[in-house]
Amino acid sequence: MDYVDATNTAIRGAAPAISHLLSALGRRVAFPPDIPFQAAEARGKEFNATIGQITDGAGRALPGESLAAGLAGLSDEQRNRALLYSPVQGLPDLRESWREWQRRGLAAAGREALPSTLPIVTVGLTHGLSIVADLFTGPKRTVAVPSPFWGNYRQTFGVRRGAPVVTAPSYVDGAFNPGALAQALVNLPEGEPAVAILNLPSNPGGYSPTEAERSQIVDSLVREADRRPLLVICDDAYAGLVYAPGIPSASMFWDLNSKHERLIPVKVDGGTKEFSFFGGRVGFLTFGCEPDGELAQALENKVKGLVRSTVGSPVSTSQILLQSVLESGRAEEEFERVRQRLAERYEILKTSLEEIDSPHLRALPFNSGCFSLLEMSSKVGATAGEVRRLLLDESETGIVSIEPSFLRIAFCSVAKTALPEVVRRIADGVETLARR
Ligand SMILES: Cc1ncc(COP(=O)(O)O)c(C=O)c1O
């Protein structure tokens, strides 16, 4: 049996639903027994002449002085690791630390038994999503996502993989719709595997569900898994950034974990937003199964096959920097400081939005993340894009338009004192167009 067959056999034996969900590429790929594989086996041997990595002959990098000076704040050992190749699956200590970070709060909630693999390092969350898309989607695999959604899903799943993307509204009559994913899949024949994207806190909505809404989401997805193998991608880009009291902040990956043998949650998260490390490009991909089992190993094998064949291996330098935060003992405190700062902006923005006095514009509920979403009435007689253009041309204000009728404010990148004025300009712009 070759290495691909062996990996597929392991997955089929441990989780038939995952085997059923794999795309044609997902079935073909596995981590090849070539250079990184052989180099990993040689690690720690007296002589390691496996990999094309320039060293002093004893495993130490040979940087130029300028590069070494740029990394001067790191210890000698960390600097060396930052300069050399990362393992394809990521640095082992960072993977352990991130797993602990993901699982913080589980023990206090009595949920420490929920399984999760050692996260695999990706080059930002976008890369993690595209790996999941490669493994599990293609022209015959429907992907459900509530609308409006982060536009890049269209590229990752629709354009690159040719997957049909089906949607249902995230909001109905101005209220969050917890049944959106199941509704999006309602016409898909029973038995046909599907993929669903659950992005909470959401982009563009800035919404996280209440406890009751979470239960409704879980129930609807469990019912869907009675009908078909269902892979649920938990895009946790904004994990933990929740501001309104009483709104749970734990990832729904844990709520969906171990609920149904055909409900397969996959967690995509990373340092991008959680540690404001946008340029670092450190993301993680985590499956909801035991970390040491054959299934975890086989899935990791598949992911490594894709990482190896696309980006080679993830960036060591930014992994070392993220690891330095996680092992500093100050990660929670530093995260909390940013969360508090965003919470202040959230409060001010919420008040400003409540004060909008326009028959043409309503603020949709938001409580978390980086954004708030406004919905224009069709009576404005203009598109969201036209409002955006007007604000740029006449009000020195940039926002994102999502057709046909949504306007997104990224309050994560506006000073709190400026937010009331931003809201005023948006409302004025909409009224101006409504009068024209
Ligand atoms: C919902 C969502 N997922 C994924 C990403 C991508 O994150 P990264 O920059 O780490 O690729 C973003 C970035 O804006 C996002 O909003």
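Residues numbered from 1 in each chain as written. Predicted model: local features only at pLDDT ≥ 70, side-chain atom pairs only at ≥ 80, totals over all residues. Heavy atoms only, no water.

Visitor: So what about the pairing of strand E3 (residues 165–169)? Which residues, and what values?
Guide: Note that strand E2 (residues 143–147) and E3 share five bridges and pair parallel. Of the residues in E3, the one forming a bridge with Pro 146 is Ala 168. Between E2 and its parallel partner E3, the chain crosses via helix H9 (residues 152–159), and the hand of that crossover is right-handed. (Pairing = 2+ DSSP bridges. Helix = DSSP H or I, 4+ residues; strand = E, 2+ residues; numbered from the N terminus. Right-handed = clockwise from strand over helix to strand, strands pointing away.)

Visitor: Got a sec to walk through the sheet that holds strand E11 (residues 371–376)? Specific residues and values, please.
Guide: Taken together, four strands build an open sheet; the order of strands is E10-E11-E13-E12 and the sheet is antiparallel. On the outer flanks of this sheet lie strand E10 (361–363) and strand E12 (400–402), each paired with one strand and no other. Shown here is a sheet whose adjacent strand axes are inclined to one another by a mean of 25 degrees, direction ignored. Summarising the sheet, E11 and strand E13 (residues 406–410) pair through five bridges and their orientation is antiparallel. Among the inter-strand pairings, Leu 373 is bridged to a residue of E13, identified as Arg 408. Running at roughly 165 degrees to E12, helix H17 (residues 384–395) makes contact with E11, E12 and E13 of the sheet. Strands E10, E11 and E13 of the sheet are contacted by helix H18 (residues 419–435), whose axis makes an angle of about 165 degrees with E13. (Axes fitted to C-alpha atoms, helices over the stretch in contact; angles between N-to-C directions. Contact = heavy atoms within 4.5 Å.)

Visitor: Tell me about the state of the cysteines, and please be specific about residues and values.
Guide: This model, assessed by the stated rule, comprises zero disulfides. Not engaged in a disulfide, the cysteine Cys 289 finds its nearest cysteine sulfur in Cys 234; these two sulfurs lie 14 Å apart. In this structure Cys 289 comes out as buried when scored by relative accessible area, which is 13%. (Disulfide = S-S within 2.5 Å. Buried < 20%, exposed > 50% of the residue type's maximum accessible area, 1.4 Å probe, protein only.)

Visitor: Which residues make up the packing of aromatic side chains, and what are the values?
Guide: One pass over the structure, following the stated rule, counts 18 aromatic pairs. Taking 4.5 Å as the distance between ring centres and 10 degrees as the angle between the ring planes, the aromatic pair formed by Trp 98 and Phe 284 counts as stacked. On the criterion of sequence distance, the pair formed by Trp 98 in helix H7 (residues 92–103) and Phe 284 in strand E9 (residues 282–287) is long-range, its members being 186 residues apart. Judged by relative accessible area, which is 0%, Trp 98 ranks as buried. (Phe/Tyr/Trp six-rings, centres within 6.5 Å; stacked < 30°, edge-to-face > 60°.)

Visitor: Help me get a handle on the site of the ligand, residues and values and all.
Guide: If you check the shell around the ligand, you find 13 residues, and the closest are Thr 126, Asp 235, Tyr 238, Thr 272 and Lys 273. Leu 125 is positioned with one of its backbone polar atoms (N or O) 2.8 Å from an oxygen atom of the ligand. Side-chain polar atom of Thr 126 to an oxygen atom of the ligand: 2.5 Å apart, as the coordinates give it. Its free accessible area being 400 Å², the ligand has 91% of it covered by the protein chains. It is helix H8 (residues 124–136) that contributes the most residues to the shell around the ligand, three residues altogether. In the shell around the ligand, the residues fall into five nonpolar, five polar and three charged. (Near = heavy atom within 4 Å. Polar contact = N/O pair within 3.5 Å; in protein donor to acceptor, adjacent residues only side chain to side chain. Areas by Shrake-Rupley, 256 points an atom, 1.4 Å probe, with all protein chains shown as cover. Nonpolar A, V, L, I, M, F, W, Y, C, P; charged D, E, K, R; others polar.)

Visitor: Help me get a handle on the packing of H8 against helix H14 (residues 294–310), residues and values and all.
Guide: Running from amino to carboxyl end, H8 crosses H14 at an angle of 115 degrees, the nearest separation of the two axes being 10 Å. Where H8 crosses over H14, the two elements pack in a sense that is right-handed. Contacts from His 127, Ile 131, Asp 134 and Leu 135 of H8 reach H14 at Lys 302, Val 303, Leu 306, Val 307 and Thr 310. Its residues assigned to classes, the contact of H8 with H14 comprises five nonpolar, two polar and two charged. (Left-handed = near helix turned anticlockwise from the far one by under 90°.)

Visitor: Report on the packing of H7 against helix H15 (residues 316–326), specifying residues and quantitative values.
Guide: A pair of packed helices is characterised by two quantities: the angle between their axes and the separation of those axes. Running from N to C, H7 and H15 point in directions that differ by 45 degrees, and their axes come no closer than 10 Å. In terms of their interaxial angle, H7 and H15 are classed as oblique. Of the two elements, H7 crosses H15, and the hand of that crossing is left-handed. The segment H7 lies against H15, with Asp 93, Leu 94, Ser 97, Trp 98 and Trp 101 engaging Gln 319, Leu 322, Gln 323 and Leu 326. Among the residues forming the contact of H7 with H15, the class breakdown is five nonpolar, three polar and one charged. (Parallel < 35°, antiparallel > 145°, perpendicular 65-115°, else oblique.)

These values are about where atoms sit, not about what they do.
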